[in-house]
Amino acid sequence: MAQTMPRPGPNPVRKRPKQLPFPLNVYQSAVGRKWVMAVSGLVLLGFVVTHMIGNLHLYEGPLEVREYAETLRDLGVHVIPRTWMLWGIRILLIAAFVVHVHSAYSLAAMSRKANPSSSLDSNKRYASSQDYAAANYASRTMRWTGPIVLLYLFFHLADLTWGWLSDDWTRGDPYNNVVISMGNIGVAIIYIVANVALALHIYHGAWSMFQSLGVNNPKINNYRRHIAGGLAGLILIGNLSFPIAVQAGLIDQDNCEAPCGITAELEHEGEEAAQ
Amino acid sequence: MSEETLNLTLKVWRQEGPNAKGRFETYQLSDISTHMSFLEMMDVLNEQLIAKGEVPVEIESDCREGICGTCGCMINGRAHGPEKATATCQLHMRSFSDGDTIVVEPFLASSFPIIKDLAVDRAPLDRIIEAGGYISISTGSAPDANLIPVPKDTADAAFDGAACIGCGACVAACPNSAGQLFTSAKIQHLNLLPQGQAERWARTESMVETMEDYFGSCTNHGECHEACPKEIPLDFIAYTNRDYMKSKRKNRKLQGQA
Ligand code: SF4
Ligand code: FES
């Protein structure tokens, strides 16, 4: 009689964690973690799109940018104290950012365990030169573009929110701060490079999101890549236009017919008071 | 199709055992017919090695018609070679040209340790099946085939999943060594059908979590689908992700309420 010999198979590469209560246990599995990554990515994507559209006020002029900034602080002011809504959104975004980065980092570590020879963007375990059959540049560089965007975020905050990088930074005058910062060719290049990385990240992330969330419908399946490409392209064009426009002199104090920035605002207020 | 003959250089991974140090060996083959399959070409090589008193190359195969999933190696860096929808045993030498160098390596992943040469241990795939890749039925006389109506679309989709032969090429081709394509094909084959509903949520949770014991995390590159001899669609991975999140909610309820 034929008999199969029991044989010890390969050992698991990952120790199963002790189950936490629902819904925390979702985050203990890789599939659940990808879901969290997708949801937080969606929140961050919403921010990036809104941020880009809001910044288009730069093309209107300094007063409009300032007014827009003040409107953000005024959000929800009829119900809750001023800036609370803005802070609520900021806290949500920070939370989304933290889980997005943590899930990405821990899942990459899990994959490295499953395949010790996988490097950041390539699959070096095979000797024969491996050309990818499906993975595109964006998908292979997620673990590069992600950290680049993270570093860029701190740079961007230090540059325009906290004003650490320039003595000319003025609180409450975003238009001038942008013109001064991006007027420097080095800074403009940083913005351009970082936004190319961001667009690549979004191109793969937005398509990947559909898979991770399990959003699958034959009616939209063919459009998923186009949606991702369209979003990434839109954000790329919008965001690159700012440093380029500043460099080209399209966004510039001298182009304003009226006095610019906070000085203009103060002057304006002064006139009103005088009347 | 006219027959031609090829002269080839083979670079084959040789490794005596699981813990031995491996190396590439180079072999010259001449007059290989383009009508031969890749495995027949390997048979020619092995016969020559035996005639010379050397140890033949360990390479697995069984059905040699693309239905059993036993064969499989990396051929020039591609799982199952350069052709689409083709298992190693279905690959023919007409896909190569005279004078080519062909690099033959085993499927690699931490959970696929090498047994010898090109043979790797793919038992973790069996562990995933054991975790839920079945339906429990009371045996008895065979029911009528049309007793449980299944819509045609559903039957077709389930069949697409059932086509998976469990070869492991998806894991070998994946830069993350993720087992998503295999696992989702096996889960959805049953989850889509009425017969699979009773154990749907238990199956999904336990198969996915067993997969995660052994394999990496999917980043949606799509390399697995390109490597797959059965062209299992990536859609199954999305279905499985959705079912897994549902299973986490359903399985915490009292038994029987899923
Ligand atoms: S999904 Fe395709 S590549 Fe993966 S084991 Fe099944 S048949 Fe092989
Ligand atoms: S030998 Fe059976 S699939 Fe190739």
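Cut-offs used in this document
Residues numbered from 1 in each chain as written. Chains lettered and ligands numbered in written order. Predicted model: local features only at pLDDT ≥ 70, side-chain atom pairs only at ≥ 80, totals over all residues. Heavy atoms only, no water. Patch = residues over 30% accessible without salt bridge, like charges linked within 9 Å, V, L, I, M, F, W, Y side chains within 5 Å. Areas by Shrake-Rupley, 256 points an atom, 1.4 Å probe, with all protein chains shown as cover. Salt bridge = Lys/Arg side-chain N within 4 Å of Asp/Glu carboxyl O. Helix = DSSP H or I, 4+ residues; strand = E, 2+ residues; numbered from the N terminus. Domains from an automatic or database assignment. Buried area = accessible area lost by both parts, 1.4 Å probe. Nonpolar A, V, L, I, M, F, W, Y, C, P; charged D, E, K, R; others polar. Near = heavy atom within 4 Å. Contact = heavy atoms within 4.5 Å. Core = buried A, V, L, I, M, F, W, Y, C linked by side-chain atoms within 4.5 Å. Buried < 20%, exposed > 50% of the residue type's maximum accessible area, 1.4 Å probe, protein only. Pairing = 2+ DSSP bridges. Axes fitted to C-alpha atoms, helices over the stretch in contact; angles between N-to-C directions. Expected span 1.5 Å × (residues − 1).

Okay, a nonpolar patch on the surface next. A cluster of nonpolar side chains, contributed by Phe154(A), Trp162(A), Trp164(A) and Leu165(A), occupies part of the molecular surface with about 500 Å² of accessible area. Relative to the elements of secondary structure, Leu165(A) occurs in the loop between helix H5 (142-161) and helix H6 (174-182).

Residue and element names in this part refer to chain B. Parsing chain B into structural domains produces domain 1 (5-116) and domain 2 (122-254). The C-alpha centroid of domain 2 is placed 29 Å from the C-alpha centroid of domain 1. Both faces combined, the contact of domain 1 with domain 2 buries some 1500 Å², and carbon together with sulfur accounts for 56% of it. Run the count over domain 1 and domain 2 and you get 2 salt bridges. Across the pair Glu60 and Arg122 runs a salt bridge whose closest N-O atoms are separated by 3.2 Å. A per-class count over the side of domain 1 that touches domain 2 returns 11 nonpolar, 6 polar and 2 charged.

Moving on: the site of ligand 1. Residue and element names in this part refer to chain B. Near ligand 1, the surroundings consist of Cys164, Ile165, Gly166, Cys167, Gly168, Ala169, Cys170, Leu181, Phe182, Cys228, Pro229 and Ile232. For the shell around ligand 1, the elements supplying multiple residues, two or more each, are helix H4 (169-173) and helix H5 (180-191). Class assignment of the residues belonging to the shell around ligand 1 gives a composition of 10 nonpolar, 2 polar and no charged.

Let us now look at the interface of chain A and chain B. On the side of chain B, 55 residues touch chain A, which itself brings 50 residues to the contact. Note on chain A versus chain B: buried area summed over both sides is about 4300 Å², and carbon and sulfur give 50% of it. The largest share of the area that chain A buries against chain B comes from Pro10(A), Val31(A) and Tyr126(A), three residues that together contribute 15% of it. Our enumeration of links across chain A and chain B arrives at 4 salt bridges.

This part covers the nonpolar core. Ala79(B), Phe107(B), Phe112(B), Leu181(B), Phe215(B) and Ile232(B) are the most contacted members of the largest nonpolar core, which has 43 residues in total. If you list the elements that add at least two residues to this core, you get helix H7 (185-213) of chain A together with helix H2 (123-130), H4, H5, helix H6 (200-214), helix H7 (223-227) and helix H8 (235-250) of chain B. Both domains that meet at this core, namely domain 1 (5-116) and domain 2 (122-254) of chain B, each give it at least three residues. Residue contacts for Ala79(B): discarding those within four places in its chain leaves Cys73(B), Met74(B), Phe107(B), Ala169(B), Ala173(B) and Ala227(B). The next biggest cluster of nonpolar side chains, apart from the first, holds 22 residues, and it includes Leu6(B), Val12(B), Cys73(B) and Ile75(B).

Below, the discussion takes up the sheet that holds strand E1 (residues 5-14) of chain B. Residues and elements named next belong to chain B. The strand order across the open sheet built from 5 strands is E2-E1-E5-E3-E4, with neighbouring strands paired in mixed fashion. Where the open sheet ends on each side, the last strands, each with one partner, are strand E2 (23-33) and strand E4 (78-79). Pairing geometry for E1 and strand E5 (residues 101-105), over 4 bridges, is parallel. The residue of E5 that forms the bridge with Lys11 is Val103. Set on the sheet, helix H1 (residues 38-51) makes contact with E1, E2, strand E3 (74-75) and E5; between it and E2 the angle comes to about 110 degrees.

Here E1(B) pairs with E2(B) via 9 bridges, running antiparallel. When the bridges of E2(B) are listed, Leu6(B) appears paired with Ile32(B).

On inspection of all chains with the given rule, the structure shows 19 salt bridges over all chains. Residues Arg82(A) and Asp74(A) are paired through a salt bridge, measuring 2.5 Å at the closest nitrogen-oxygen approach. In this structure, a network of salt bridges that share partners links the residues Arg16(A), Glu205(B), Glu209(B), Asp213(B) and Lys248(B).

What follows is about H5(A). Residue and element names in this part refer to chain A. With 20 residues, H5 extends 27 Å from end C-alpha to end C-alpha; this agrees with the ideal 28 Å at 1.5 Å per step. If you check which residues of H5 are buried, you get Met142, Thr145, Gly146, Val149, Tyr152, His156, Ala158, Asp159 and Leu160. On its buried side, H5 packs onto helix H1 (30-55), helix H4 (137-140), H6 and H7. Two residues or fewer past H5, Gly163 is found with a positive phi of approximately 65 degrees.

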